[in-house]
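Descriptive analysis of the structure
What follows is each chain in one-letter form.
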Amino acid sequence: MPMQSDLAWSDNGGGGVLQFDFLPPAGWSDERIGQEHADIAAAIGAADLPAAYVPGWLALARRLPAALRSALVAELGAGNRMAGIGSAGWPNEGSVVVTLRARFSVAREALPDGVRWRAREDPHYAREELSQQVGAVEFLIVT
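Regarding unusual backbone geometry
Omega for the peptide link from Trp90 to Pro91 comes to 0°, which places this bond in the cis form. In this structure, Pro91 sits in the loop between β3 (82-87) and β4 (97-100).

Overview of the side chain of Glu129
Residue position: Glu129 is located in strand β6 (residues 128-134). The residues touching Glu129, leaving out its near neighbours within four places in the chain, are Phe104, Arg116, Trp117, Arg118, Arg120, Leu140, Ile141 and Val142.

Some details on the nonpolar core
In this structure, Trp9, Ile44, Leu72, Met82 and Ile85 are the most contacted members of the largest nonpolar core, which totals 31 residues. Elements supplying a minimum of two residues to this core: β2 (18-22), α2 (30-45), α3 (56-61), α4 (66-77), β3, β4 and β7 (137-142).

Here we look at the environment of Ile85
By the element assignment, Ile85 lies in strand β3. When its relative accessible area of 0% is taken as the criterion, Ile85 is described as buried. C-alpha separation for the pair Ile85 and Leu111, spaced 26 residues apart in sequence, amounts to 21 Å.

Quick look at the packing of aromatic side chains
The geometry of an aromatic ring pair is captured by two quantities: the separation of the ring centres and the angle between the planes. A full pass over the atoms with the stated rule returns two aromatic pairs. An aromatic cluster is defined as three or more aromatic residues linked by ring pairs; in this entry it consists of Trp9, Phe22 and Trp57. Sitting above the plane of the Trp28 ring, Arg32 keeps its charged end 4.2 Å from the centroid.

Definitions and limits used
- Residues numbered from 1 in each chain as written.
- Predicted model: local features only at pLDDT ≥ 70, side-chain atom pairs only at ≥ 80, totals over all residues.
- Heavy atoms only, no water.
- Helix = DSSP H or I, 4+ residues; strand = E, 2+ residues; numbered from the N terminus.
- Contact = heavy atoms within 4.5 Å.
- Core = buried A, V, L, I, M, F, W, Y, C linked by side-chain atoms within 4.5 Å.
- Buried < 20%, exposed > 50% of the residue type's maximum accessible area, 1.4 Å probe, protein only.
- Phe/Tyr/Trp six-rings, centres within 6.5 Å; stacked < 30°, edge-to-face > 60°.
- Lys NZ or Arg CZ within 6 Å of the ring centre and 35° of its normal.

Now the structure itself:
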């Protein structure tokens, strides 16, 4: 089944902020949403992006460092789902932050080199996070 990402991703950015939220159309079953996330994982993990149009959420996901991106693909492959992805200048200019709907199930078990896991348990921020630092820029996946 082809990915229908333009139907499921809402561009909530503005004013220099990039923010895309996954909001499946009414009527999509859990199975359909699960298939979409399998397709999302495949697109994020693909060796090359297509020459055609690349949706903004995918362009942001592809900015994640390779090790953190592989942790995201593993987590999506285990059934977790993305809630959103953005780049708003936090925690650093150029950072990309991915929000997942559920706690990590596999990603923290076998962390790729350079990726760090932290428990946060902050009801206003996140329960846990994976991060990777590249130069002065921190990239995050939070639950």
